[in-house]
Amino acid sequence: QKERISSPKNTKEIIKKYGFSFKKSLGQNFLIDQNILERIVNAAQLDQSKGALEIGPGIGSLTQSLTQTAGKVVAIELDQRLIPILNDLLKHYDNIEVIHGDVLKLDLRTILEEQFKEQTEISVVANLPYYVTTPIIMALLENQLPIENIVVMIQKEVAERMVASPGGKEYGSLSIAVQYYCEPEMVLTVPHTVFIPQPNVDSAVIRLKLRKKPRVHIEDSEYFFKVVQASFAQRRKTIINNLTSNLFTKDEKQKLISILESCEINPSRRGETLSIEEYARLSNRLREIT
Ligand code: SAM
């Protein structure tokens, strides 16, 4: 099958031919728009020297475009029923490896090492299953895998939170976690009509360019994220009130005020106005003193 898998007609025929039924619980919404597929692939800036890791290939519509652009493609699919379908539909391409498994449970470092021996750079390119978008992205980032780029289609609302700057209502601990590891960019928004079956939410494609080193120096990242979580616990409260109710005690309020001031952070600001640099300064100082 060298024909496009992704056209609405072909997708419907493939589903019928193999007797496939969609599992909502696995976030199965297949893309049927070649133009959007191409824009996703272009955003990943692939060429023959590069590798692409796809998470959740479905029946292989994006996979097919990737095999034509990247030097090698590795696609990880959890649904066992799709493995023979993928192997059959992609049998004419010799630069694709389909792996059956849960991306959150596999040892990705070893897979990348073994599969991409000849590729100079690796991008993750995927139309992610929406029920596990954030855990998948955070696992890719926190494990500090040898990846240059992550180009993914996700829920629009989550994409907006990942790219948000301080001050807006979308800015929160997810923005900080993502931007600590990468430079995010909104690539495009996608109507729900380009999927079979159509999801209930709008979608967006984002590109996360991984930083060579994190944006700020943090002494203890676990403690940093505790401070961030506590500061956003109640968005309408000031940072001093959030910190005293969620991470410290009322007795420590005075001490906290002087620490915030020594970090040049006004205690009456709200958590959503602090930059990553300010959170880093604050958490490093709090950890040193408390
Ligand atoms: N890439 C295809 C496309 O664009 O048409 C399918 C995308 S669909 C939104 C998500 C795919 O991820 C499904 O094929 C689903 O079975 C698979 N999937 C769900 N959870 C997964 C997991 N934990 N690990 C790997 N694949 C998963």
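See the structure printed just above.
Predicted model, so just to flag it, every value in this text is computed and none were measured.

Undergrad: An account of the site of the ligand is needed here, citing residue identities and associated values.
TA: Neighbouring the ligand are 23 residues, the closest being Leu31, Gly56, Glu77, Asn127 and Tyr131. Backbone polar atom of proline 57 to a nitrogen atom of the ligand: 3.4 Å apart, as the coordinates give it. Interatomic distance of 2.9 Å between a side-chain N/O atom of tyrosine 131 and a nitrogen atom of the ligand. At a threshold of 2 Å from the grid points, most atoms of the ligand map onto the largest pocket. At the level of secondary structure, the elements contributing two or more residues to the shell around the ligand comprise β1 (30–31) and β3 (72–77). Of the residues that constitute the shell around the ligand, the class distribution is eleven nonpolar, eight polar and four charged.

Undergrad: Please give an account of empty space enclosed by the protein that cites residues and values.
TA: To find leftover empty space, a probe the size of one water molecule is rolled over the atoms. With the rule as written, the count across this model stands at one cavity of 30 Å³ or more. Along the walls of the largest cavity sit Gly27, Asn29, Asn127, Leu128, Tyr130 and Phe195, which together make up its complete lining. Among the residues making up the lining of the largest cavity, the classes are represented as three nonpolar, three polar and no charged.

Undergrad: Any chance you could break down helix α7 (residues 156–163) for me, citing the residues and the numbers?
TA: Every buried residue of α7 is accounted for by Val158, Ala159 and Met162. Down the axis of α7, the smallest arc covering the buried residues is 100°, so these residues share one side. Those residues of α7 that are buried lie in contact with α6 (133–142), β6 (149–155), α8 (173–181), β7 (182–190) and β9 (203–210).

Undergrad: Go over the packing of aromatic side chains, please, and point to the residues and values.
TA: Think of a pair of aromatic rings as described by two things: how far the centres are apart, and how the planes are tilted against each other in angle. Scanning all chains against the criterion turns up nine aromatic pairs. Judged by centre distance (5.9 Å) and plane angle (25°), the ring pair of phenylalanine 20 and phenylalanine 30 falls under stacked. You can see phenylalanine 20 sitting in the loop between α1 (8–17) and β1 and its partner phenylalanine 30 sitting in strand β1, a full ten residues away along the chain.

Undergrad: With reference to specific residues and values, describe the sheet that holds β7.
TA: Spatially, seven strands are ordered β4-β3-β2-β5-β6-β9-β7 in an open sheet, and the strand pairing comes out mixed. Every interior strand has two partners, whereas the edge strands, β4 (96–100) and β7, have only one. Across this sheet, the average inter-strand angle for adjacent strands is 20°, counted without regard to direction. Summarising the sheet, β3 and β4 pair through five bridges and their orientation is parallel. Looking at β4, one finds that valine 73 is bridged to isoleucine 96. Its contacts with the sheet place helix α5 (residues 108–115) against β2 (50–55), β3, β4 and β5 (121–127), and it is angled at close to 150° to β3.

Cut-off values and rules
Residues numbered from 1 in each chain as written. Predicted model: local features only at pLDDT ≥ 70, side-chain atom pairs only at ≥ 80, totals over all residues. Heavy atoms only, no water. Near = heavy atom within 4 Å. Polar contact = N/O pair within 3.5 Å; in protein donor to acceptor, adjacent residues only side chain to side chain. 1 Å grid on protein atoms, 1.4 Å probe; cavity = no way out; pocket = protein on both sides within 12 Å on 5 of 7 lines; lining within 4 Å. Sits in = over half its atoms within 2 Å of the grid points. Helix = DSSP H or I, 4+ residues; strand = E, 2+ residues; numbered from the N terminus. Nonpolar A, V, L, I, M, F, W, Y, C, P; charged D, E, K, R; others polar. Points joined across faces, edges and corners; volume = space filled by probe spheres on them. Buried < 20%, exposed > 50% of the residue type's maximum accessible area, 1.4 Å probe, protein only. Arc of directions from axis to C-beta. Contact = heavy atoms within 4.5 Å. Phe/Tyr/Trp six-rings, centres within 6.5 Å; stacked < 30°, edge-to-face > 60°. Pairing = 2+ DSSP bridges. Axes fitted to C-alpha atoms, helices over the stretch in contact; angles between N-to-C directions.

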